[in-house]
Amino acid sequence: MKKLFILLTLMAFSASSFAALSSGRYVIVSKLNGNALDVDSFSSDDGANVMQWFAIGGTNQQFDVQALGDGSYSIRAVHSGKSLDLYEWNAEDGAELRQWSYSGGDNQRWYIDSQGGNYHSITSKFSGRALDVWEMSMYAGADVRLFSYWGGAGQLWAFQRVGSSSECYAGASLSNRFVDCGGKTIGLSCNGDDESQGAVISLNNASIRNVRLAANGGADGIHCNGGNCTLTDVVWEDVCEDAATNKSEGGTMTIVGGSAYNSDGGYGGTPDKIFQHNSKNSTTVISGDFTTYGKHGKLWRSCGNCTNNGGPRNVLIYDVNIDSAIGAIVGVNRNYGDRATIRDLRIRNYSSGSPHVCDEYNGVQKGSSSSKYGEYWNSASCDVSPSDVSSL
């Protein structure tokens, strides 16, 4: 009986160690910032740098991941066929990650281990060091290097299997996928400001790009329910209740490019916030030349009166255009430790105080009303200076 127990234990360990991830084609996304592993400038050369960029899903961000039978994997860029390579066999912290013609050496073999919550570490078989977003950068263009594993968000990665446009339709629920919708227009219905409306698309550790949400079918927009979600080149023809909601506890929802229009008195009723943030210990990123049109209440709001309300909730906004009337840019809950970081924000006809850029609130529980303190600059909750904002 004891021998049987030991055998079963070893089998379970083997299954968890060697079948953590199925071979396939993936976009590999950082838990820290929602950006993807990227071979710089689509280079097909040996020695090309591997860094991070917005999760657009081009072939320089798609990787064929193949189990090698010894517990390790090869990871090869689709556009070039070349392998992630521990450059110059450097076993030290800070070693560079490049692509190189595949040779099968230990510097091109990687252990991919589940760390829970749909996240994985990626560790070099040669050095034992992990892929690491260098200096914990939140911005597109950050370098990726190798560093001793310590389990921070900059060393955790979501593997989103490349899907097809047939998976993109109104009412779809996507998990662990990256789907290019091919420019489709989809929608459900729009019952004005009704908060009970369903999501047009629900994402769980998944990303979509190149889709339009119909003016009469925006419902409650797109929900990020778990893990990391990226919404790239999404166009909201007329925001209904909200354009998108971050519900991913501990995750990141990233909006890259695209636009949101809201008509005054149109399908969505009274103009309200564009992006709603409900989950705690999580981040929303808005960037990539995202643009607003029409009339809106806010660009982003940390939930003021959710059930079991709390925080912190973080938002990073950079390279964004507000080409619309808007009441304020963001609203943070000071008492829950929220933080808004804003850089390179362009607002139509902006003048100081019109509109408010970062309003601080007192968050409350459901059934009560959140009170506003007002607009703040360079505070613990509002990391933004007047020089970060310009007129469009």
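Residues numbered from 1 in each chain as written. Predicted model: local features only at pLDDT ≥ 70, side-chain atom pairs only at ≥ 80, totals over all residues. Heavy atoms only, no water.

A. Up close: the state of the cysteines. All chains considered together, the criterion is met by five disulfides. Paired through a disulfide, Cys303 and Cys306 show a sulfur-sulfur distance of 2.0 Å. Taking the sign of the S-S torsion, about 115° here, the bridge from Cys303 to Cys306 comes out right-handed. Disulfide pairing is shown between Cys358 and Cys382; the S-S distance is 2.1 Å. On the S-S bond that ties Cys358 to Cys382, the torsion sits near -80°, and the link is left-handed. Pair noted here: Cys358 is in strand β28 (residues 356-362) and Cys382 is in strand β30 (residues 382-383), with a separation of 24 residues, a long-range link. Residue classification places Cys358 among the buried positions, given a relative accessible area of 0%. Taken N- to C-terminal, the disulfide-bonded cysteines of the chain are connected 1-2, 3-6, 4-5, 7-8, 9-10. (Disulfide = S-S within 2.5 Å. Helix = DSSP H or I, 4+ residues; strand = E, 2+ residues; numbered from the N terminus. Buried < 20%, exposed > 50% of the residue type's maximum accessible area, 1.4 Å probe, protein only.)

B. Quick peek at the pattern of salt bridges. The final tally for this structure, using the stated rule, is 25 salt bridges. Where Asp319 meets Arg346, a salt bridge forms, and the shortest distance between an N and an O atom there is 2.6 Å. In this pair, Asp319 sits in strand β25 (residues 313-322) while Arg346 sits in strand β27 (residues 339-347), placing the two residues 27 residues apart along the sequence. Residue classification places Arg346 among the buried positions, given a relative accessible area of 16%. A salt bridge links Asp383 to Arg343; the nearest nitrogen and oxygen atoms lie 3.1 Å apart. (Salt bridge = Lys/Arg side-chain N within 4 Å of Asp/Glu carboxyl O.)

C. A look at unusual backbone geometry. Cis geometry marks the peptide bond from Gly311 to Pro312; its omega dihedral reads 0°. Note that Pro312 resides in the loop between β24 (290-302) and β25. Residue Pro355 is bonded to the preceding Ser354 through a cis peptide linkage, with omega at 0°. Inspection of the secondary structure assignment puts Pro355 in the loop between β27 and β28. Notably, Met136 is not glycine yet its phi reads approximately 55°, a positive angle.

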